[in-house]
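A look at the structure
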Amino acid sequence: MSQISTTSSHSAASHGVQADHATSMHVDSRKLGVWAFIGSEVMFFAALITVYLVYKPRNLAAGGPDPKEVLGIGVTSALAAILLASSVTMVLALAAARRGDRRQFTIWMLSTAGLGLCFLGGQAYEFTELIVGEGITMPTSLFGQTFFILTGFHGTHVAIGVIWLLATFFKVRAYPKSRENVMDIELAGLYWHFVDLVWVGIFTIIYLMPDFAPEAALVLFRHAGG
Amino acid sequence: MAEKHSNGHAEHTPRFYLLVGAVLAVITVAEVLVTFIGLPQIVLLALLLIMMVVKGAAVVMFFMHLRGDANIFKFLFIAPLLMATTMLLAFQALFSGHVGIGG
């Protein structure tokens, strides 16, 4: 038993994995868990996007708001740029932590959290415009339900990401270079980059291609109506 | 430009990350601009999808360091992604021309 344990620890160490968190696959168990979580989140957001796309024609048929008339890409383009910039600052924070550069780490990590807060502010502005300006709420239309659930869940993930980033920052700021702390930063970063990745998909599919298969939908509305 | 890190994946320089970020910003601007050109629907769709995939791949490979990382991590991300994409396309093929599942 002790021989197995020793062999495992040695093998884990040779792969740069802390023995406390090593798995039989010689990877960090926490990182394995975060990647598995991200995999499940991929399915989660794909389901929400699918529901939005499937119900879009029905929303139009029922006289709901047309996404291409109510969704502006001005604010959301800025939001895309903000999240993209936050991914860059996040990866720079991780690189600074690995170098042991506490000053750079602090700047980039807090910049990432700040950009996340800017994104949330922009999303709050967009939601206010839709709810107050256009009168679109979840009970009023299928578009309202599917859109707010999809983008609302993404915004919730951003909010959780900001909390995770700040919690990680205050935990590791004294000595970010230790292997344990670098892994903490890397895990928070993985989640943050995934949040950015989801917005890459939402921005393109929901905001930039609002006419997804409009002709087929129009023809079938006529059949449904007749 | 990149050095092998102790946990197996390549660690790039800050300059490389800034370069990737700049490329992604340019692609994002291009994504927005092509929607104003008035391209045929199918061409616009293809362009937007290609740019979305390129952006997503860059984030996953370089920012999430999946490129060069352990294969089990690649499996944990790519397998659900393929399943999710298949599900999205299948539902689109089955229901996008209808007036929704309930209709």
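Description of the structure in this document. (Residues numbered from 1 in each chain as written. Chains lettered and ligands numbered in written order. Predicted model: local features only at pLDDT ≥ 70, side-chain atom pairs only at ≥ 80, totals over all residues. Heavy atoms only, no water.)

**Side note on the environment of Ser86 of chain A**
Residues and elements named next belong to chain A. Positionally, Ser86 belongs in helix 4 (residues 73–99). Looking at Ser86, the relative accessible area reads 0%, which means it is buried. On a C-alpha basis, the gap between Ser86 and Leu115 in space is 5.8 Å, while along the polypeptide they are 29 residues apart. Excluding residues that lie within four positions of it along the chain, Ser86 makes contacts with Thr112, Leu115 and Trp192. Polar side-chain contacts of Ser86 include one of 2.7 Å to the backbone oxygen of Leu83. (Helix = DSSP H or I, 4+ residues; strand = E, 2+ residues; numbered from the N terminus. Buried < 20%, exposed > 50% of the residue type's maximum accessible area, 1.4 Å probe, protein only. Contact = heavy atoms within 4.5 Å. Polar contact = N/O pair within 3.5 Å; in protein donor to acceptor, adjacent residues only side chain to side chain.)

**Examining the packing of aromatic side chains**
Across all of its chains, the model carries 20 aromatic pairs over all chains by this definition. Ring centres 6.4 Å apart and planes at 55° place the aromatic pair Tyr17 of chain B and Phe63 of chain B in the tilted group. One end of the pair, Tyr17 of chain B, is in helix 1 (residues 14–37); the other, Phe63 of chain B, is in helix 2 (residues 41–63), with 46 residues separating them in the sequence. Members of the aromatic cluster, each reached through a chain of ring pairs, are Tyr52, Phe119, Phe127, Phe143, Phe147, Phe148, Trp199 and Tyr207 of chain A. (Phe/Tyr/Trp six-rings, centres within 6.5 Å; stacked < 30°, edge-to-face > 60°.)

**Considering the pattern of salt bridges**
One pass over the full model with this rule turns up ten salt bridges over all chains. The partner of Asp69 of chain B in a salt bridge is Lys31 of chain A, with the nearest N and O atoms 2.8 Å apart. With Asp69 of chain B in the loop between helix 2 and helix 3 (71–95) and Lys31 of chain A in helix 2 (residues 29–61), this pair bridges two chains. Asp101 of chain A serves as the salt-bridge partner of Arg99 of chain A, at 3.8 Å between the closest nitrogen and oxygen. Relative accessible area serves as the criterion here: at 42%, Arg99 of chain A is assigned to the partly exposed category. For Asp101 of chain A, a relative accessible area of 28% corresponds to the partly exposed category. Where salt bridges share partners, they join Asp28, Arg30, Lys171, Glu180 and Asp184 of chain A into one cluster. (Salt bridge = Lys/Arg side-chain N within 4 Å of Asp/Glu carboxyl O.)

**Here we look at the environment of Phe127 of chain A**
Residue and element names in this part refer to chain A. You can see Phe127 is positioned in helix 5 (residues 102–133). Among the residues examined, Phe127 registers a relative accessible area of 19% and is labelled buried. The sequence separation of Phe127 and Gly155 amounts to 28 residues, and the corresponding C-alpha distance is 11 Å.

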